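Breakdown of the fold
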Amino acid sequence: MKFLSYLIVLFFANPKSELISVRQQYIDAATSESSANEFHDGLKDLKANGNNHTLMAYKAASIVLLAKYESGLITKTKLFNRGTDLLEEIIEKDPNNYEARLIRLNIQDNVPWITGYTSELKKDKAFLIKNYAKQDASLRDFAKKYALQSDAFSKKEKAMFE
């Protein structure tokens, strides 16, 4: 709870630097279970309000990441569905949220095909490429780093992030 309070205070005090921190936590959460748990714990009490769609998208991603480390199929599926349902809700409310679309693409690019969660991959790629130049420098850097290492983007598409 203390971490969440700290996160909220920092977000409202300096939203750009806080998002940079949350982005790094998201990256770290994909590499270890303890980091995923810490990432989720920092966001689990976050409630939706009118202006925090980006943080809510990270909350959704944190739930999906918990599923990655779950061993039981039923729990894994429930967590995955809960996270992706929340992310879809956020994108439906705010379809032009670049970061939420980047998170969804990242998830779709990295989940097993059997999940069936890949239907928006091409659409999100096109959206990210088209709107890349309109983003602030830190988000452009984050998107570029992801695109350049992702197999979802062709060489030609990766060049558009240069």
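Here the structure is a predicted model, which is why all the values come from computation and not from measurement.

1. Observations concerning helix α3 (residues 33-43)
Buried residues of α3: A36, F39, H40, G42 and L43, and no others. One side of α3 holds all its buried residues, which, seen down the axis, span an arc of 160 degrees. Away from the buried face of α3 by more than 90 degrees, exposed residues S34 and E38 are located.

2. Considerations on the environment of G83
Position of G83 among the secondary structure elements: in helix α5 (residues 73-93). The exposure class of G83 is buried, given its relative accessible area of 0%. Separated by 23 residues in sequence, G83 and A60 have C-alpha atoms that sit 4.4 Å apart. If we skip the residues at most four places from it in the chain, G83 touches A60, I63 and V64.

3. Here's the deal with the nonpolar core
In terms of nonpolar packing, the biggest core is built from 46 residues, with Y26, Y58, I107 and F161 touching the most fellow members. Mapped onto this core, the elements with two or more residues apiece are α2 (15-29), α3, α4 (53-69), α5, α6 (98-110), α7 (121-131) and α8 (137-149). At eleven residues, α4 tops the list of elements feeding residues into this core. Once residues lying within four places of it in the same chain are set aside, the contact partners of F161 are Y98, L128, I129, Y132, A143, K144, A147 and F153.

Parameters and conventions
Residues numbered from 1 in each chain as written. Predicted model: local features only at pLDDT ≥ 70, side-chain atom pairs only at ≥ 80, totals over all residues. Heavy atoms only, no water. Buried < 20%, exposed > 50% of the residue type's maximum accessible area, 1.4 Å probe, protein only. Helix = DSSP H or I, 4+ residues; strand = E, 2+ residues; numbered from the N terminus. Arc of directions from axis to C-beta. Contact = heavy atoms within 4.5 Å. Core = buried A, V, L, I, M, F, W, Y, C linked by side-chain atoms within 4.5 Å.

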